[in-house]
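So you can see what is in the structure, the chains are spelled out below.
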Amino acid sequence: STRLSDVSFDEALLALVHLHVRSFGDSDDMVPLLDMANGGDDAEINVEPYDPEDRPTRYCFRATRDIVEGEELVNDYEMPHVAPLASFQVFGFPFRPGYQLDANSLSEDYKMVYHEEAPDQCKGLRPHEFPEPRPDADPILHNYRRFAAMYCHEDAVQ
C-alpha cells in the first residue's frame, strides 16, 4: 500500500488535476464515460450527451447516426460555444480556426455577462511577445507556442 509520505507533491498535484478535469458539474464525482468520446467538429460527431429521464443521476451518450463496429465515438463537448484558448486550457486542444467562437462573438457574450470588454485571448501569445521556447523547455510551453502560431498571428480568425 502507498503511504501519504510516499506521494510527491507533483504526483498529488497531477491527481488533483485529473480529478478536476474529469469531474462533472459542481461535484467531484469522476465520470469515466465522459472520456470515452473524442472531440471533433460537426462532420465527425456521431454521439451526443443526454440525461435519461428515468435516471437523472446518470450521464449517457446516444448515437446520432449508425456507428459501425470499431468506429471512434466523437462528440463536440460544446466547444463551438467557447473560445479556442478556453478549450485549449481546459481540454488541451482547440478545434480548427474558425470552428469555435470568434473574437466578436466572445466579446458580445462576455460583455453581456460581465459588463466589460472581453480580455484579449492572445495577450502575451503573439509571435513578437512569445518567442520559440528552447528545445528542452517544458512541453507545455511548446504546446502554447503551437497554439499561438495557429490562433494568435496577425491574420488569425480569433
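Above this text is the structure in question.
Here the structure is a predicted model, which means the values were calculated and not measured.

Just checking my understanding: could you explain the overall build of the protein for this structure?
In terms of helices and strands, the protein carries four helices and four strands. Ordered by position from the N terminus, the helices and strands of the protein form the series α-β-β-β-β-α-α-α. The burial tally for the protein puts 27% of its 158 residues in the buried class. Here the protein displays about 11,600 Å² of accessible surface, and carbon together with sulfur accounts for 54% of that area.

Just to check I follow, could you spell out the side chain of asparagine 46 for this structure?
Mapped onto the secondary structure, asparagine 46 falls in the loop between strand E1 (38-39) and strand E2 (47-50). On the accessibility criterion, asparagine 46 (0% relative accessible area) is buried. Residue contacts for asparagine 46: discarding those within four places in its chain leaves Arg62, Ala63, Thr64, Arg65, Ile67, Glu71, Glu72, Leu73 and Val74.

Honestly, the pattern of salt bridges in this entry has me stumped. Any pointers?
Enumeration over the complete set of coordinates arrives at five salt bridges. Glutamate 132 is the partner of arginine 145 in a salt bridge, and the nearest nitrogen-oxygen pair spans 3.3 Å. Of this pair, arginine 145 sits in helix H4 (residues 139-151) while glutamate 132 sits in the loop between helix H3 (103-114) and H4, and the two are 13 residues apart along the sequence. For arginine 134, the salt bridge is made with aspartate 136, and the minimal N-O distance between the two is 3.0 Å. Each member of the pair, arginine 134 as well as aspartate 136, is classed as exposed.

In this structure, what is going on with the state of the cysteines? I would like to understand it.
Two cysteines joined by a covalent bond between their sulfur atoms form a disulfide. One pass over the full model with this rule turns up one disulfide. A disulfide bridge connects cysteine 122 with cysteine 152, and the sulfur atoms are separated by 2.1 Å. On the S-S bond that ties cysteine 122 to cysteine 152, the torsion sits near -75 degrees, and the link is left-handed. Here cysteine 122 is found in the loop between H3 and H4, whereas its partner cysteine 152 is found in the segment after H4, with 30 residues between them in sequence. With relative accessibility at 2%, the residue cysteine 122 sits in the buried group.

Cut-offs applied
Residues numbered from 1 in each chain as written. Predicted model: local features only at pLDDT ≥ 70, side-chain atom pairs only at ≥ 80, totals over all residues. Heavy atoms only, no water. Helix = DSSP H or I, 4+ residues; strand = E, 2+ residues; numbered from the N terminus. Buried < 20%, exposed > 50% of the residue type's maximum accessible area, 1.4 Å probe, protein only. Areas by Shrake-Rupley, 256 points an atom, 1.4 Å probe, with all protein chains shown as cover. Contact = heavy atoms within 4.5 Å. Salt bridge = Lys/Arg side-chain N within 4 Å of Asp/Glu carboxyl O. Disulfide = S-S within 2.5 Å.

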